[in-house]
Amino acid sequence: MSTPTQAQLQSEFGSAALAPDALSECQSICATFDLAASELFIRWQTFVINQHGGDVSVKPTRERLLEVRAILQQENVRRASQRPSAQPRSATKLSRNKDRAHYDKNSVGGLLQGMVAGSQREPATPQSTRRVGLLRNTAAASPLSPSVFAEPSPSAVRYSSRTNTGRTEVSLHATLPPLELPHDRPAPTIADLCPAAGGAGADSESSGEEEEEKAGSAAAPGPTRRMRYMFERLGSRADTVNRRIERMAADVKAEYAIDALANPTYPHQDTVTAVGRIVGIDVDGGGAAAIGGDTLFLETSRRLGGGRRVALDVHGAASFSLFPGQVVVAEGKNLKGTEFAVSRFRALPRLRKHGADDRANPVAPFDAVVAAGPYTLDDNLDFEPLRDLVEHVLAARPSLVLLLGPFISETHPLLRAGRSDLTPEELFGVRISPLLKRLQDTLPHTAVRLVPAVDDLCSPFAAFPQPPLARELLARLEVPRAVESLANPVQVAVNGIAVAVANSDALAPLARAEVSRLPALSDRLPRLAWHLIEQRHFCPLATPPGAILATHDAQLRMHTMPDIFITPSYLRPFAHAHDGVVLVNPGHVSKGLSGGTFARIAVRAPTPDPAPDSTTALAGHTSLLPAERTSVEIVRI
């Protein structure tokens, strides 16, 4: 296919006038990937929808076109890695036997191989089954290893020449004065808010049906906490869902002074209040989980409605935002016993704020850098984005550095293709641990915390929730002793500020499943994060993404209202304050073949009331809530 002319490209892009350098880049992309002008324009529209939320004001500059090129290159690499290699027709039987794996003579594979005529067995070399190759930190490493490239990869060259580094993509409360802290300040105090650990501000909700859960959740998740994977029964998941509805029902009765909640599956001529879970058709059987006008049901608990479901009619509700798995408080009527007509959805009770009744422990200011992996580009394992992040941290000198996994992602194309001579632990020790050591040596007063991820090859736990990385594992990874690991998810108090972190992308499936009409929070992305706060759960979806441990639901529940809620997602990064909570999606440090974003958070000290003799309830305490004195910047790496 011939390269399109500049006139053809200008005609396709229409009103979005292309600068000369952008035109040249368009022609280069078309020539490289054999695209017509119309095909490139479709790729550009897809890029704008995925990366900029469909904002039509985004112009096709050369820098953005380079990102489109990187995406196309990534797709080519993925297709090449998935294409099976064909055996040449001229290969003889003997040559094919030479390519077979060689086994130890005492193994079953060695015995079977010895039965094949013409097999060429060589002496077996003991080797761990977890290794792709042997680690030798010398120049004689395998030429296939991307960690020992003689020259940078193509995306690394583009990454090093990027022009948007350090650009602030999103900001919250930018008008607040800058936070200035002394360099020799002590490290921030970080306290666990898990109720089993004695954390303050934990909710004390309980019911008679929670005895089994308490017996299985006697300790907070940690190195000594047994996380039993692949041992769950279907009944355990049903019990967990039932307890979620019952807990919320008990709080609704106390919040709204309701004597008894109604069974929505029974006929009701008067308006009644019911509590249940939103579900779709066959949502628990792996079928269609979508909800809509004719596929919307309310599932009751065993005590409130025998666990039965009733169809919902939401045409009479002026405002709602619903998704499968959501626990709601619905007011309405069921005239015929077949359909519950909702007149309105009432707000769920809020969790108690951490430290709401504790004025003896003042809040100390602090600043933090929050970043989420992956930390390397898709076509190499050199971790250039992580090195740049460390340089920024060394210059900013924050009080806290939160590094969220994955550190060594199982989805990295080169690791999936086996093109590395390093095991995941060795790769971590060679590429990441020296940067962590440099951080601790240069900034001894900065607290560094690691949070694992489900798709992290360095974590032995592949389901949500996850305990912290064990100290023995951190020692094998050569992580400095001052660097500690937190659970995933986790709720901690940093200098008196409640911070919740959920390192699992629950927002993307929520975005696909949610249906809404005139919701109270109109900004969609923060609203998705607010659903988790409102539901008091880090993964409230009926069909959660990935593996979820229902028997460890206590670690997935929020036990206190956070002041700052951090949840990285591949959706567009955001920072938003709603109802006293700062919602932050820091993005990811690396996105495919290009750099991503991270977050800078600054929490200022409470300001004294200007009128201490005032008779108001807040006199002499604070004039601003924590969310109002917290600023956030989402910065391009």
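As annotated in an unreviewed UniProt entry, the chain is DNA polymerase alpha subunit B from Coemansia guatemalensis. You can read under Subcellular location (unreviewed entry) in the UniProt record for the chain the words "Nucleus". The chain has a UniProt comment under Sequence similarities (unreviewed entry) that states "Belongs to the DNA polymerase alpha subunit B family."

Novice: Give a description of the sheet that holds strand β22 (residues 630-636) that names residues and reports values.
Specialist: Overall, mixed pairing links the seven strands, which are arranged β1-β22-β21-β9-β10-β11-β12 in an open sheet. At either end of the open sheet lies a strand with only one pairing partner, and these are β1 (168-172) and β12 (484-485). One ladder, built from two bridges, connects strand β11 (residues 447-451) with β12; its direction is parallel. Paired with Arg449 across the bridge in β12 is Glu484. Seen against the sheet, helix α11 (residues 384-396) touches β9 (366-372), β10 (400-404) and β21 (597-603) and runs at an angle of roughly 180° to β9.

Novice: Can you lay out the sheet that holds strand β7 (residues 327-334) for me, pointing to particular residues and giving the numbers?
Specialist: The mixed closed barrel is built from five strands, whose spatial order is β3-β4-β5-β8-β7. Neighbouring strand axes in the sheet, compared pairwise and without regard to direction, differ in orientation by 55° on average. Judged from the five bridges that link them, β7 and strand β8 (residues 339-346) form a sheet pairing that is antiparallel. By the bridge assignment for β8, Ala330 is matched with Phe345. Here helix α9 (residues 234-256) sits on the sheet and contacts β3 (268-279), β4 (297-299), β7 and β8; the angle it forms with β3, its principal contact strand, is near 135°.

Novice: Which residues make up the packing of helix α1 (residues 6-13) against helix α2 (residues 20-33), and what are the values?
Specialist: Between α1 and α2, the shortest axis-to-axis distance is 10 Å and the interhelical angle comes to 100°. The angle between the axes of α1 and α2 places the two elements in the roughly perpendicular class. Packed against α1, whose contacting residues are Gln6, Leu9, Gln10 and Phe13, the element α2 presents Leu23, Cys26, Gln27 and Cys30 at the interface. Split into classes, the residues belonging to the contact of α1 with α2 amount to five nonpolar, three polar and no charged.

Novice: Any details on the packing of aromatic side chains? Residues and values, ideally.
Specialist: Taken as a whole, this structure holds six aromatic pairs when the rule is applied. Between Phe407 and Phe428, the aromatic rings sit 5.8 Å apart at their centres with planes inclined by 75°, giving edge-to-face as the arrangement. In this pair, Phe407 is assigned in the loop between β10 and α12 (413-416) and Phe428 in helix α13 (residues 424-431), connecting sequence segments 21 residues apart. You'll find Phe407 and Phe428 in the same group, each marked buried. Ring plane angle 45° and centroid distance 6.2 Å describe the contact between Phe538 and Phe565, whose orientation is recorded as tilted.

Reading the values: the criteria
- Residues numbered from 1 in each chain as written.
- Predicted model: local features only at pLDDT ≥ 70, side-chain atom pairs only at ≥ 80, totals over all residues.
- Heavy atoms only, no water.
- UniProt positions renumbered as here; feature names shortened; annotations may be inferred.
- Pairing = 2+ DSSP bridges.
- Helix = DSSP H or I, 4+ residues; strand = E, 2+ residues; numbered from the N terminus.
- Contact = heavy atoms within 4.5 Å.
- Axes fitted to C-alpha atoms, helices over the stretch in contact; angles between N-to-C directions.
- Parallel < 35°, antiparallel > 145°, perpendicular 65-115°, else oblique.
- Nonpolar A, V, L, I, M, F, W, Y, C, P; charged D, E, K, R; others polar.
- Phe/Tyr/Trp six-rings, centres within 6.5 Å; stacked < 30°, edge-to-face > 60°.
- Buried < 20%, exposed > 50% of the residue type's maximum accessible area, 1.4 Å probe, protein only.

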